[in-house]
Structures are given as C-alpha cells and as structure tokens.
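Here's the letter readout for the chains.
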Protein chains: 2
Amino acid sequence: MENFKNLEPLKVRKMIRKGKIKSNTAGMCHGYVQGNLVILPKSHAYDFLLFAQRNPKQCPILEVSDMGSREFAKMAPGSDITTDIPKYRVYKKGELYGEFDDIKSFWKDDFVSFLIGCSFTFESAMLDEGMEVRHISEEKNVPMYITNIQCEKAGIFEGPTVVSMRPLPSSEVVRAVQITSRYPGVHGSPIHIGDPQSIGIEDISNPDFGDSVDIKNKDIPVFWACGVTPQAVAMKVKPEIMITHAPGYMFITDMKNQKLSVL
Amino acid sequence: MENFKNLEPLKVRKMIRKGKIKSNTAGMCHGYVQGNLVILPKSHAYDFLLFAQRNPKQCPILEVSDMGSREFAKMAPGSDITTDIPKYRVYKKGELYGEFDDIKSFWKDDFVSFLIGCSFTFESAMLDEGMEVRHISEEKNVPMYITNIQCEKAGIFEGPTVVSMRPLPSSEVVRAVQITSRYPGVHGSPIHIGDPQSIGIEDISNPDFGDSVDIKNKDIPVFWACGVTPQAVAMKVKPEIMITHAPGYMFITDMKNQKLSVL
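Residues numbered from 1 in each chain as written. Chains lettered and ligands numbered in written order. Predicted model: local features only at pLDDT ≥ 70, side-chain atom pairs only at ≥ 80, totals over all residues. Heavy atoms only, no water.

A. Representation of the side chain of N257(B). All names here are of chain B. Inspection of the secondary structure assignment puts N257 in the segment after strand 11 (251–256). When its relative accessible area of 5% is taken as the criterion, N257 is described as buried. Within polar-contact distance, the side chain of N257 engages the side chain of T121 at 2.9 Å. (Helix = DSSP H or I, 4+ residues; strand = E, 2+ residues; numbered from the N terminus. Buried < 20%, exposed > 50% of the residue type's maximum accessible area, 1.4 Å probe, protein only. Polar contact = N/O pair within 3.5 Å; in protein donor to acceptor, adjacent residues only side chain to side chain.)

B. Quick look at the packing of aromatic side chains. What the rule picks out here adds up to 20 aromatic pairs over all chains. Arranged with centres 4.8 Å apart and planes meeting at 65 degrees, the rings of F48(B) and F114(B) form a pair that is edge-to-face. Linking F48(B) in helix 3 (residues 42–54) with F114(B) in strand 5 (residues 111–116), this pair joins segments that are 66 residues apart in sequence. Since its relative accessible area comes to 0%, F48(B) is described here as buried. The structure contains a cluster of three or more aromatic residues connected by ring pairs, namely F48(A), F51(A), F114(A) and F157(A). Positioned above the aromatic ring of Y97(A) is the side chain of K92(A), whose terminal nitrogen or guanidinium carbon lies 4.2 Å from the ring centre. (Phe/Tyr/Trp six-rings, centres within 6.5 Å; stacked < 30°, edge-to-face > 60°. Lys NZ or Arg CZ within 6 Å of the ring centre and 35° of its normal.)

C. Representation of the interface of chain B and chain A. Taken together, the contact between chain B and chain A spans 22 residues of the former and 22 residues of the latter. For the pair chain B and chain A, the two sides together bury roughly 1,800 Å², of which 59% comes from carbon and sulfur. Counting across the chain B and chain A interface gives two salt bridges. Across the salt bridge formed by R54(B) and D66(A), the nearest N and O atoms sit 3.0 Å from each other. Contributing elements (two or more residues each) for the side of chain B that touches chain A: helix 3, strand 2 (61–64) and helix 6 (170–181) of chain B. Examining the composition of the side of chain B that touches chain A, we find that seven residues originate from one element, helix 3 of chain B, more than from any other. For the side of chain B that touches chain A, the per-class residue count stands at eleven nonpolar, four polar and seven charged. (Contact = heavy atoms within 4.5 Å. Buried area = accessible area lost by both parts, 1.4 Å probe. Salt bridge = Lys/Arg side-chain N within 4 Å of Asp/Glu carboxyl O. Nonpolar A, V, L, I, M, F, W, Y, C, P; charged D, E, K, R; others polar.)

Structure representation (structure tokens):
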C-alpha cells in the first residue's frame, strides 16, 4: 500500500481503471479527498438531492454529476465513474445484487452520480494534530451505529441517522469539535458526545456496521453523522437500481482535504 | 419601524399576513434570520437545487418546501409562504408581471419554494462586533455588481455571479473574512477583496443594482456572492412563472442568526 500513498490521484485512478489496483483505498493519495458514491436513476435524483439539502451532516454532497455523465468534472477532471473505484456494489430493488470491479455493463444514460463527503477528510485533520483515531490505530473499520435520531424526510427518502464513533480522552473532545466544525462539507462537527443510550445505542461494544474498538477507561465516545446514512435510506426505498462503492473502496478526487475547510 | 424590532417573528408574520405591515423588513425581529424567496414550478426544481449545490456561495439554500406546501416547516412552523411577505414579485417568462401583497391567486400545487440565505445574517454579526457596514450607516441598499465570475452551470441554469460590496478600512478586512467564514449558509467568506476590475467591475461608483455608497480614502472594497445571483440566473431561463420577494421585503424565520454559524 505504501506505494500508493504518495501518488497523484489521477495516476491512481488510472491504475484502478486498468485493474492494477484492487485493494481498498485507505491511505492512498495522502492529503486528497476520498468520497462515497451513490448512483441513482434520474427519477430519484431530486428527492435524494433534497434529502441531502435537509440532512447536510448525514449527507454532505461534494459533487453531483450531470445526468448520464460518467465524470466528476469538478473534483476529478478526466475521471470515469464506472471504472475508477476498485470495487462497487450493485443493488436491485434494495437487495445486494453483487460486487463488481467496474460497472460499465450496468451504466444507463439516466444515471445521476452523487459524490458524498467522507470522514477520511476530518480524520486526516485530526491525525495531523497528533490526535489518536482509535480504529486507525487498531487497523479496523470505524464502528457505526443506527441511532434514534430521525433524518428530515425528503420525498420518498426517510430513515434513522447512522453515526460513526471515535473514543477520545476527555482532554481532546473540545479540540475534536473545533477541528471537525471547520469541515461542514464532510459531516462537520459531532452530532453527539457521551452517553450512547440517549441516542438509542444500547450496546456500544456491538456496532451495527464496522468493527468494535477499544474504549479506554477515561474515554468519551464522540459521534459523527455517517455517510452510510444516505445509502441506508436509499436502500429502504428499494429503487429499481442503485450503485455504490463497496465499503472502504472510495472514489479518490484531485481535491486536497484542506480545501474543504471553511476556516 | 422601531415597534417591530423586538417582536417575535411569528407575530410579525401574522401582522404581515393580515396586511398590518406593508413596509420592507429591514430591522424587523432583531437577531432572526431573514431569507430570499424563489418559487418555481417543480419542473425546474431539480436544476435549481443542483445549481445551488454547485454554487453554494451564490445560492445558499436554507430550506426547500415540499412540492405544493405553503409552509417553511423547519425554519418557520405555521408560516404561509403565499402571504407572509409584505411584497412579492411575479415574473412570467422572465418579465416582471407585477408586484403583489400576496400571491394566493397565483399559487399552484406544483410550486416548490426555496428560502435562500441573505447577507443580513452576516451583517448582523459584523455590526455586533462594532464594525461599520457602510450602506447601513448611509441608510441605503447594498451596492451590487454583475461580475465576470461565471457560476457553475446546472441543467438550464447558468450565468454570472452577482456580488454585493462593503467598503472596509484595511484594518478590518481580516476580521470580516473571519466573521463571515463562520456563516457558509449565508454566502460565507468574501469571494474577492480589492481591485474591482479583476472581477469585471469597471465602475465601482455605478452598481448594477442597489445604491452607490461612499468609499473612503483608505477603504478596501470587499465583495461577497449575492443572493440576487440565483434570481438573475433563473430569470434568464424565462420560466413560465417565477415568484420572488420584492427587494428588501424578506421572509422572516424563527431561527436566530447565530444558529447558522458553523463555529
């Protein structure tokens, strides 16, 4: 993996396109924004975009492609959305149909692609300050939980907020709020600090998605809205077809993480 | 006007609804967010929402109503979009059709209403720090200019960015950037500082909209993206019908200005 850390995003996307990279994208192209992908038919695009407008913490949209376009023209000029992610998931009527290296054979001219901000960006800012991000230290996936915080409904889309959790020593909680507040385009500030039960999480050691991580004696669990939310919400609607990245296999953009900071 | 400064928004909206307030809303309901209104038929709503996603500084959307709903349910529960602004403008095929006290007779069930953030919010934050906001001191409208900065195109919507200008002593420019950066939901940080010509403004004393204000010897002109942009862009598309607030006659919400600050 070390080889890809210092490569330019364009180069890595081309290697992925040619099948030369098949691994997950964690750690690749250090400093550049990686995003979640959701592809939906145009008929669902308005409601989904409205859902994002109403739930910017759960669904911070970085870019929306023109209908039928395979390119994220602003954040990744020259990209090909159908090939530039190492692993995709195709859902039909809300059920996982399969995982694929590319989605060329599924592509339709009425598809709209949404690139959604991801916590990699703010974690990078936390790491840059020397903060420990537990699941990264433990080389695990971040733990994610379904909460009792309902998203704002938008058209056909509705459902509970999924959160990711990072345990922090109490001395670092304030700073973590400050750092992540600067990135409203990638989930922004935490939506909850402390007591898991008050947001409907019964067993913090048993996440709904991802891996359980060690919570040390004086740690406080800090919760951020998670990009899994829009996927989960879209799945419930059971669209004819929906395509996403596979977890951990993200779309790598040409934009530096710091550029997403509002201050 | 003094009477309305300290009234609750709900009360003022009801007075407007009953025709008891007919003046512009500047200074009313101190501390509460006022917004620009754009109403379009559903057929244009996706492109307009996409335009906002791609041009968040020009078109910072605070709320989008459900199709056919006359209420901004989140920011102003109990509001009636068709009556709660003192003066509306109705455009047909891009031409001003007239100004009206209410738009009940124009309402259609396929209308979508967009509430767009307005510089009143960040000006209020500047004033709170004792900063002079020139056009307010001079009791004028803010000067606005059409620039050579093109918006990102979205479907049928495209056009140049309109900016508002506030002259500031050089000692206050940095602070103004900091203050307004905290409000990405209401145009955010300036998009240009200094030389008007480099953004296509030939004569700073001759704004395209609003009033000219005094620029003192050591003042630096500071430019922010302006909510007139989406209206100007939408007008060019010549939709069958478009309804907006009349300039200065804003929609008053129940949300405090400070709540829109990200930090």
